[in-house]
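# Examination of the molecular architecture
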Amino acid sequence: MTTKTLNASAAGLGFLPAVFAIVLGLGVVTLTGHVQAAALHDAAHDVRHATGFPCH
Amino acid sequence: MTPRMTCVTQLASPATKQMYTRILTSALFAGAAAGLIAALLQLVFVQPVLLHAELYESGELVHFGGTPVSAHPELPGFDLMRDSLSIVFTMLTYTGYTLVMVALMSMAEGRGAAINARTGLIWGIAGFIAFHLAPGFTLAPEVPGVAAADVGDRQVWWTATVATAGAAMWLIAYGGNKISYLIAVALLMAPHLIGAPEPDSFSGPVPTEIGALFAARAFGVGLAAWALVGTFAGYFWQTEGERAEASA
């Protein structure tokens, strides 16, 4: 029983950490690069221009 | 009875936990290091061009008037609040990039690819193409003050272009057959053939010389930063893996 679950975990859930990191990473980039809230936009303004994001 | 209990707690097996730690640790180290250097490069090479453009954006300087305007005005110097925020946000942005890159590296290693600082350099260049060069090929890095279409429309196009270019990079690296190369070429070209949202008219008050220098500097610093992203991501992925093995 235990062995079976371990196998399922290795095969089926092995990609979960990678998916989690990709979602987290894209979330961070969306926040710093795209969200138009005024405070975020002003703080990230120079970075958005320098990094090639559409800014305003 | 005990094995049944073990079954339930296997959702996060030690191997899975170790994988979370390895991905997050490598990505944070690589993102912070590459982001800090990128921020300093931007402050030295991009920020003066941006500040120069803002003098025209605000109307403080006007070109094509009656008299020629000096190309070397006095620029505002280092602004502690503004530039510190830029450093923090650059480090955050590049940490976002390294989280995605290290995750993809872990998948590629699972398929047998060698991941280290040397191969990481190629990953970094591919990342630059996907996240910076591809969208910038049609939506050129914008100096403050340029005329541009609605920001929401441009963000949709930017995101779609990054997604298609990223998929193309993966297909070129791991597709392994002629069809995948053809699909990659189509994915790379499609957003630019379709075209990005464009402004209805040109109203930018910034001299073309400044706009061109800004785009060149943004791409140059971007390439340097992404080369570091890939190299650091590959390096930390490898060393964190060795450390985990040694302590296991």
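The model shown is predicted, which means the values in this text are computed figures rather than measured ones.

Of the regular secondary structure elements, chain B holds seven helices and zero strands. Listed by position from the N terminus, the elements making up chain B come as α-α-α-α-α-α-α. C-alpha atoms of chain B, sized along the principal axes, occupy 90 × 45 × 35 Å. Relative to its full complement of 248 residues, chain B shows a buried share of 42%. For chain B, the accessible surface area stands at approximately 13000 Å², while carbon and sulfur atoms represent 69% of it. With 10 positive and 16 negative side-chain charges, chain B shows a spacing of 20 Å between the two charge centroids.

The next thing to look at is helix α3 (residues 80–110) of chain B. With 31 residues, α3(B) should reach 45 Å at 1.5 Å per residue; the first-to-last C-alpha distance of 44 Å fits that figure. Among the residues of α3(B), the N-terminal cap falls to B:Asp79, whose side-chain oxygen and the backbone nitrogen of B:Met81 are separated by 3.2 Å.

The final tally for this structure, using the stated rule, is five salt bridges over all chains. Across the pair B:Arg82 and A:Asp46 runs a salt bridge, and its minimum N-O distance is 2.6 Å. One end of the pair, B:Arg82, is in helix α3; the other, A:Asp46, is in helix α3 (residues 38–50), on a second chain. Classification of B:Arg82 as partly exposed rests on a relative accessible area of 26%. A salt bridge links B:Glu142 to B:Arg154; its shortest N-O distance comes to 2.3 Å. Taken together, the positions of B:Glu142 in the loop between α4 (117–138) and α5 (151–174) and B:Arg154 in helix α5 put the pair 12 residues apart, joining distant regions of the chain.

What follows covers the nonpolar core. Counting residues in each nonpolar core, the largest one holds 36 residues, and the members touching the most others are B:Tyr94, B:Tyr97, B:Met101, B:Phe131 and B:Trp226. Once residues within four sequence positions are removed from consideration, B:Met101 is found in contact with B:Trp123, B:Gly124, B:Trp226, B:Val229, B:Gly230 and B:Ala233. In terms of nonpolar packing, the next biggest core, distinct from the first, is built from 13 residues, A:Ala50, B:Leu55, B:Ile210 and B:Phe214 among them.

To continue, consider the packing of α3(A) against α3(B). In the contact formed by α3(A) and α3(B), the axes pass within 8 Å of each other and the chain directions differ by 80°. Accordingly, the angle class assigned to the pair α3(A) and α3(B) is roughly perpendicular. Contacts from A:Leu40, A:Ala43, A:Ala44, A:His45, A:Asp46 and A:Val47 of α3(A) reach α3(B) at B:Arg82, B:Asp83, B:Leu85, B:Ser86, B:Phe89, B:Thr90 and B:Thr93. The class makeup of the residues in the contact of α3(A) with α3(B) is six nonpolar, four polar and three charged.

At the interface, 47 residues of chain B touch 35 residues of chain A. Buried surface at the junction of chain B and chain A, both sides included, amounts to about 3500 Å², of which 71% is carbon and sulfur. Per-residue buried area on chain B facing chain A is highest for B:Phe89, B:Gln155 and B:Trp158; these three make up 16% of the total on that side. Seen at the junction of chain B and chain A, the total is one salt bridge. Our count for the contact surface shared by chain B and chain A stands at six residue pairs in polar contact (both at pLDDT 80 or more).

The next subject is the confidence of the model for chain B. Per-residue pLDDT for chain B averages 92, and the proportion of residues at 70 or more is 95%. Overall fold confidence (pTM) sits at 0.90, and the ipTM for the predicted complex is 0.88.

This next bit is on the confidence of the model for chain A. Residues and elements named next belong to chain A. On average, residues of chain A carry a pLDDT of 81, and 77% of them reach 70 or more. Ranking the helices and strands of chain A by mean pLDDT puts helix α2 (residues 16–33) first, with 95, and helix α1 (residues 2–12) last, with 44. Contacts of residues 1–11 to residues separated by more than four positions or lying in other chains number 13 contacts, the stretch itself having pLDDT below 50.

So, on to the side chain of B:Ser180. All names here are of chain B. In this fold, Ser180 is placed in helix α6 (residues 178–194). Of the residues examined, Ser180 reaches a relative accessible area of 6% and is grouped as buried. Among the polar contacts listed, one links the side chain of Ser180 to the backbone oxygen of Asn177, at a separation of 2.6 Å. Not counting residues within four places of it along the chain, the set of residues in contact with Ser180 comprises Leu171 and Gly175.

Conventions we followed
Residues numbered from 1 in each chain as written. Chains lettered and ligands numbered in written order. Predicted model: local features only at pLDDT ≥ 70, side-chain atom pairs only at ≥ 80, totals over all residues. Heavy atoms only, no water. Helix = DSSP H or I, 4+ residues; strand = E, 2+ residues; numbered from the N terminus. Buried < 20%, exposed > 50% of the residue type's maximum accessible area, 1.4 Å probe, protein only. Areas by Shrake-Rupley, 256 points an atom, 1.4 Å probe, with all protein chains shown as cover. Lys, Arg positive; Asp, Glu negative; His and termini not counted. Charge placed at Lys NZ, Arg CZ, Asp CG, Glu CD. Expected span 1.5 Å × (residues − 1). Polar contact = N/O pair within 3.5 Å; in protein donor to acceptor, adjacent residues only side chain to side chain. Salt bridge = Lys/Arg side-chain N within 4 Å of Asp/Glu carboxyl O. Core = buried A, V, L, I, M, F, W, Y, C linked by side-chain atoms within 4.5 Å. Contact = heavy atoms within 4.5 Å. Axes fitted to C-alpha atoms, helices over the stretch in contact; angles between N-to-C directions. Parallel < 35°, antiparallel > 145°, perpendicular 65-115°, else oblique. Nonpolar A, V, L, I, M, F, W, Y, C, P; charged D, E, K, R; others polar. Buried area = accessible area lost by both parts, 1.4 Å probe. pLDDT = per-residue confidence, 0-100.

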